[in-house]
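Chain and residue survey
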Amino acid sequence: MFEINESNLLIQDLKECTAHIKKTNALKVSLFLNLIYVVITISCFFIVPIFTPIENTIIANDYRIFYQSAQTIMENPMLLYTLPDYNMPFRYLPLFALLFIPYTFIPFEVGFVIHTFLLGIIQTASFYLIYIISTHFYNIKYNTKIKRDLLFLVMMAPLQVPMILMGQISHIFIFLMLILLLLIENAREKRYYIKYQYISTGLILGLGISFKPFAILIIPFLAKLVITFDAKRIKINFGILFKLLLGLAITHIINVIYVFIYPGLVQEFLNINSTAQILNYPSSSLTRIISVVFGSFSIEPIVMIILTFILYGFIYSVYLITPSEKVNYPSYFGMVLLLVMIIFTDSWFLNFLIWFMLVFSGLFQYEDEINLISSENFKKNLKISNFITYKITYYGIVYFSAGVVIGLTIYPTDPILPFFLIVLYSNLLWRLFRNR
């Protein structure tokens, strides 16, 4: 994808990030903590079964489902979404299960250890991408305490601990979406020479959709790569459009083939992703709260559809009226995640890490510009907006357990995070609208 040589700016930028880590004690600590998370996870995986069956814990729970899905798609694809052995629903596209097949050729235990180390490595690689995007495409200078503190959280985020313990794949999805952000930003600024840039953009997004199907909501945000306005006329670059669609098509050929051979998988996939499946888990969605209040989980698909049209409509309307050069892509990607967390019935607090990692590179867009603003009223509002964003971010990444505990013991869903998500959505939408 990248043309690699010693003078390549990308290599220089990677070295710059490494140098920044070496000279910053907090980042060195965060890197060490990331390793500790991996070691603790592997230790728990082998020690906990001495006292209780590991199946009764969250340890390797998600990894087990992925492992079973890979076995199932090879042996009996028709059971991909209905296998009775699943502890939790399998919600992904067939390609995802196929990508997990290599794990089935090694013992389950060895595979989990490898997978855990892989998550730690990918988390570190994601940090590098975030640093590069934020410093070289959004000109962020980590010269204030709030910036340095949040950058520290990027690497060591406590929220990732339960994700690693479960063997989740959110780290991989985050990494893919950060590569996508880098490709999109580079398409605008041409910092790096990247071969097959637009085909790669489609490929990466297509893979991301297989890992997290809700990423399909990101596709419309590629519009400004294809469509430009010149002298009040709309121009469509069909060459770029073809390359993007080709990349998307390549990644979904296998999904299409499986659907063609086993057409029943389509309805099962839709059912598994549109109905409440884990009623005893503290969902972070407004949809779940509404269903609890009205005492009916059957209304959840309708509520999700209505909320999606309304909330996504607001986001995309602001995107359309924003000039291409002013589009803050990390923020729009983050808004898609907020939308999913607010409306998807089984959305959990763990998705907050995805939001944080994707939105981070564009989070400080106004931070360095605040002194250039002449309006004192706007300056005041912006400071309040920043304060709200940072406080909710700290809650979601560090203090996330409060709502989860309440949801598991007192109230049948998380009563705290949904409220914060709605405030965060409104706050960021206002910022994007003001920046158009």
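Since the structure is predicted, the reported quantities are computational estimates derived from the model, not experimental observations.

The rules we used
Residues numbered from 1 in each chain as written. Predicted model: local features only at pLDDT ≥ 70, side-chain atom pairs only at ≥ 80, totals over all residues. Heavy atoms only, no water. Helix = DSSP H or I, 4+ residues; strand = E, 2+ residues; numbered from the N terminus. Rg over C-alpha atoms; globule rule 2.2 N^0.38 Å. Buried < 20%, exposed > 50% of the residue type's maximum accessible area, 1.4 Å probe, protein only. Contact = heavy atoms within 4.5 Å. Areas by Shrake-Rupley, 256 points an atom, 1.4 Å probe, with all protein chains shown as cover. Core = buried A, V, L, I, M, F, W, Y, C linked by side-chain atoms within 4.5 Å. pLDDT = per-residue confidence, 0-100. Salt bridge = Lys/Arg side-chain N within 4 Å of Asp/Glu carboxyl O. Phe/Tyr/Trp six-rings, centres within 6.5 Å; stacked < 30°, edge-to-face > 60°. Lys NZ or Arg CZ within 6 Å of the ring centre and 35° of its normal. Expected span 1.5 Å × (residues − 1). Patch = residues over 30% accessible without salt bridge, like charges linked within 9 Å, V, L, I, M, F, W, Y side chains within 5 Å. Axes fitted to C-alpha atoms, helices over the stretch in contact; angles between N-to-C directions. Parallel < 35°, antiparallel > 145°, perpendicular 65-115°, else oblique. Left-handed = near helix turned anticlockwise from the far one by under 90°. Polar contact = N/O pair within 3.5 Å; in protein donor to acceptor, adjacent residues only side chain to side chain.

**Considerations on the overall build of the chain**
When its secondary structure is counted, the chain shows 19 helices and 2 strands. Against the 2.2 N^0.38 benchmark of 22 Å for 436 residues, the chain shows a C-alpha radius of gyration of 22 Å, consistent with a compact globule. In terms of overall dimensions, the chain has a C-alpha envelope of 60 × 55 × 45 Å along the principal axes. The proportion of buried residues among the 436 residues of the chain is 55%. In the chain, the share of contacts with a sequence separation of at least 24, taken over all contacts with a separation of at least 6, comes to 78%. Carbon together with sulfur atoms contributes 69% to the accessible area of the chain, which is approximately 19,200 Å² in total.

**Quick notes on unusual backbone geometry**
Its identity as a non-glycine residue notwithstanding, Lys190 has a phi of 55°, on the positive side. Along the polypeptide, Lys190 turns up in the loop between helix H8 (170-189) and helix H9 (197-211). Judged by its relative accessible area of 54%, Lys190 falls in the exposed class.

**A closer look at the nonpolar core**
In this structure, Phe90, Phe127, Leu150, Phe352, Trp355, Phe356 and Phe360 are the most contacted members of the largest nonpolar core, which totals 142 residues. By residue number, the principal contributor to this core is H8, which donates 13 residues. When neighbours within four sequence positions are excluded, Trp355 is seen to be in contact with Gly334, Leu337, Leu338, Thr393, Leu424 and Leu428. By size, the runner-up hydrophobic cluster in this structure holds 5 residues, among which are Tyr366, Ile370, Ile373 and Phe378.

**Side note on the confidence of the model for the chain**
Per-residue confidence for the chain gives a mean pLDDT of 90; residues scoring 70 or more make up 96%. Across the chain, helix H5 (residues 108-136) holds the top mean pLDDT of 96, while strand S1 (residues 227-230) sits lowest at 80.

**Focus: the pattern of salt bridges**
A full pass over the atoms with the stated rule returns 6 salt bridges. One network of salt bridges, in which partners are shared, links Arg91, Arg288, Glu300 and Asp346.

**Let's talk about helix H13 (residues 286-294)**
Among the residues of H13, Thr287, Arg288, Ile289 and Ser291 are the ones counted as buried. Backbone geometry just after H13 places Gly295 at a positive phi near 65°.

**Notes on the packing of aromatic side chains**
Applying the stated rule across the entire model yields 42 aromatic pairs. Ring centres of Tyr319 and Tyr332 lie 5.5 Å apart, and the angle between their planes is 80°; this geometry places the pair in the edge-to-face category. Here Tyr332 lies in helix H15 (residues 329-343) and Tyr319 lies in helix H14 (residues 300-321), a separation of 13 residues in the sequence. Side by side, Tyr319 and Tyr332 carry an identical accessibility label, which is buried. Here the aromatic rings of Tyr395 and Phe420 are separated by 5.0 Å at their centres, their planes lie at 75°, and the arrangement is edge-to-face. Of this pair, Tyr395 sits in helix H17 (residues 376-398) while Phe420 sits in helix H19 (residues 417-434), placing them 25 residues apart in sequence. Of note, Lys224 hangs over the ring of Tyr319, and the distance from its end group to the ring centre comes to 5.1 Å.

**What to know about helix H6 (residues 145-156)**
Compared with an ideal rise of 1.5 Å per residue, which puts 12 residues at 16 Å, H6 spans 17 Å between its outermost C-alpha atoms and is within 8% of the ideal. Buried within H6 we find Ile146, Lys147, Leu150, Leu151, Leu153, Val154, Met155 and Met156. The secondary structure elements touched by the buried residues of H6 are helix H1 (9-22), helix H2 (25-47), H5, helix H7 (160-166), helix H16 (351-363) and H17.

**As for a nonpolar patch on the surface**
Judged by side-chain polarity, Phe242, Leu246, Ile250, Ile253, Ile257, Phe260 and Ile261 come together as a nonpolar surface patch covering roughly 720 Å² of accessible area. Tracing the chain through its elements places Leu246 in helix H11 (residues 238-261).

**Some points on the packing of H15 against H16**
The geometry of H15 relative to H16 is characterised by a closest axis approach of 7 Å and an angle of 160° between their N-to-C directions. With respect to H16, the element H15 is oriented roughly antiparallel. Along this stretch, H15 crosses H16, giving a crossing that reads as left-handed. Within the contact between the two elements, H15 uses Pro330, Ser331, Phe333, Gly334, Leu337, Leu338 and Met341 and H16 uses Asn351, Phe352, Ile354, Trp355, Leu358, Val359, Ser361 and Gly362.

**So, the side chain of Thr124**
With respect to the element layout, Thr124 can be found in helix H5. Within the local environment of Thr124, its side chain forms a polar contact with the backbone oxygen of Gly120, the two atoms lying 3.2 Å apart. Beyond its immediate sequence surroundings of up to four residues, Thr124 is in contact with Leu31, Asn34 and Met155.

**Topic: the environment of Cys44**
Within the secondary structure, Cys44 sits in helix H2. In this structure the C-alpha to C-alpha distance between Cys44 and Pro301, which are 257 residues apart in sequence, comes to 38 Å. Beyond its immediate stretch of four places on either side in the chain, Cys44 contacts Pro49, Ile59 and Leu165.

**So, the environment of Ser385**
Residue placement: Ser385 occurs in helix H17. Between the alpha carbons of Ser385 and Trp430 there is a distance of 8.9 Å; along the sequence they are 45 residues apart. Excluding its chain neighbours within four sequence positions, the residues that come into contact with Ser385 are Asn427, Trp430 and Arg431.

**Here we look at the packing of H15 against H19**
Across the interface, H15 lies against H19 with an axial gap of 10 Å and an inter-helix angle of 150°. For the element pair H15 / H19, the angle class is roughly antiparallel. Relative to H19, H15 is oriented so that their crossing is left-handed. Taken together, the residues of H19 that come into contact with H15 (itself represented by Ser331, Tyr332, Met335, Leu338, Met341 and Ile342) are Leu417, Leu421, Ile422, Leu424, Tyr425, Leu428, Leu429 and Leu432.

**A word on the environment of His20**
If you trace the backbone, His20 turns up in helix H1. As for His20 and Tyr131, which are separated by 111 residues in sequence, their C-alpha atoms are 9.5 Å apart. Once residues lying within four places of it in the same chain are set aside, the contact partners of His20 are Leu27, Tyr131 and Leu151.

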